[in-house]
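Tertiary structure, described
Residue-level listing of the chains:
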Amino acid sequence: MSYKLIAIDIDDTLINDNKEVTPATQTALEQAVAHGVTVTLATGRAYASAQALARQTGLNVPIITYQGALVKNLLDEKVLYERYVPQEASRKLYDYCLENNLHLQTYIDDKLYAREENDKLRDYAKLNGTQYYIESDFIKVIEQKTPKLLIIDEPDYLDKVAVDLRELLGPQVHITKSKPYFLEIMHNEGTKGHALTFLADHFGHQLSECIAIGDSWNDHEMLEVAGLGVAMGNAIPALKELADYITASNNEDGVKEVIEKFVLNAE
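Described below are features of the structure shown in this document. (Residues numbered from 1 in each chain as written. Predicted model: local features only at pLDDT ≥ 70, side-chain atom pairs only at ≥ 80, totals over all residues. Heavy atoms only, no water.)

Here we look at the sheet that holds strand β13 (residues 228-231)
By definition, the strands of a sheet pair up through backbone hydrogen bonds, in either a parallel or an antiparallel sense. Selection criterion: Criterion used throughout: strands pair if DSSP finds at least two bridges between them. A run of H or I in DSSP becomes a helix once it reaches four residues, and a run of E becomes a strand once it reaches two; helices and strands are each numbered from the N terminus.
An order of β2-β1-β12-β13-β14 is seen for the five strands of this open sheet, with the pairing classed as parallel. Lying at the two open borders of the sheet, with one neighbouring strand each, are β2 (38-41) and β14 (245-246). Sheet topology note: the strand β1 (residues 5-8)/strand β12 (residues 210-214) ladder contains four bridges and is parallel. Directly across from Ala7, in β12, lies its bridge partner Ala212.

Let's talk about helix α8 (residues 192-203)
Given 3.6 residues to a turn, an α-helix orients residues that are three or four positions apart in the same direction. Counted only if it meets this: In this analysis, the expected span of each helix is defined as 1.5 Å times one less than the number of residues it contains. Summary of the burial criterion: residues with accessible area below 20% of their type's maximum are buried, those above 50% are exposed, and those between are partly exposed, where the area comes from a 1.4 Å probe applied to protein chains only. What the arc measures is the spread of directions leading from the helix axis to the C-beta atoms. The contact definition used throughout considers only heavy atoms, calling two residues in contact when any of these lie within 4.5 Å.
When the terminal C-alpha atoms of α8 are compared, their 16 Å separation across 12 residues agrees well with the 16 Å that a helix rising 1.5 Å per residue should span. Listed in full, the buried residues belonging to α8 are Lys192, Gly193, Ala195, Leu196, Leu199 and Ala200. In an axial view of α8, the angular spread of the buried residues amounts to 160 degrees, which keeps them on one side of the axis. Buried residues belonging to α8 abut β1, β2, β3 (63-65), β4 (70-72), β12 and α9 (220-225).

What about the pattern of salt bridges?
Condition: What counts as a salt bridge is simple: a side-chain nitrogen of Lys or Arg found within 4 Å of a carboxyl oxygen of Asp or Glu.
Counted by the stated rule, this structure contains 15 salt bridges. Among the ionic pairs, Arg122 bridges to Asp119, the shortest N-O distance being 2.8 Å. In this pair, Arg122 and Asp119 both sit in helix α5 (residues 119-128), three residues apart, roughly one turn of the helix. The class of Arg122 is partly exposed, set by a relative accessible area of 36%. The residue Asp137 makes a salt bridge to Lys140 at a minimum N-O spacing of 3.8 Å.

Observations regarding the sheet that holds β3
Stated precisely, the cut-off is as follows: Lines fitted to C-alpha atoms define the axes here, with helix axes fitted over just the stretch in contact, and angles between the N-to-C directions of these axes take values from 0 to 180 degrees.
Spatial strand order, β3-β4-β5: three strands in an open sheet with antiparallel pairing. Single-partner strands in this sheet number two, and they are β3 and β5 (79-82). Across the sheet, the mean angle separating the axes of adjacent strands is 20 degrees when strand polarity is ignored. On top of the sheet, helix α3 (residues 47-56) reaches β3 and β4; it is set at about 145 degrees to β3, its chief contact. Those strands touched by α8 are β3, β4 and β5, and its axis lies near 145 degrees from that of β5.

Dropping the structure here:
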């Protein structure tokens, strides 16, 4: 199989635990592009955060952000695909979080907003290199269009919250975890699988010609639709079970291994 498009998750996939793209992986990315392959990113991060890394690595294509709720060009920042959380769901989620004293944050026009400043918000912003804004009258924010809302709490508790929210919000939303402490809520077509399907069509490729690489459960939709779904060596067990191939970890240049094995040495 000659692969034409590679979609790569960022955190714990493309970057190592030091939050770096290693020189070896960077070289592999450049070699794949020189080989005629489109390399893109598929992340839960906001566009502002993801595009900075994409530009550093020399990419100039549309990238998948907000778990798939936004696909946007790097060159001219044209929006190609976007899905907003339904307003009714946003309001229900806001009320639920108020009643259960949960930390809720969201993005409006690529800016991070929360109702109050706390350690959860500060740690999240530091992790993603993101500036944040406080709006005490948070319903003003909730009533605006957003690609993603996010709850931060203990992993086991979030599992229970997810069950509640799936019943409360119904099939109009997509609920997933990007990390054990992060529960994310998007439009039901705001998944990496939907976005990769769109992007493959945009470039005129078949999904069978796509490779998707990730480590967390929020990557499973794109691994399932791609011709080759790859789980990192550090991926969660559930993702490894459905993957077509398991590569090395993010600290062992797992992305580089995939490119070398399936793109550069495939002929």
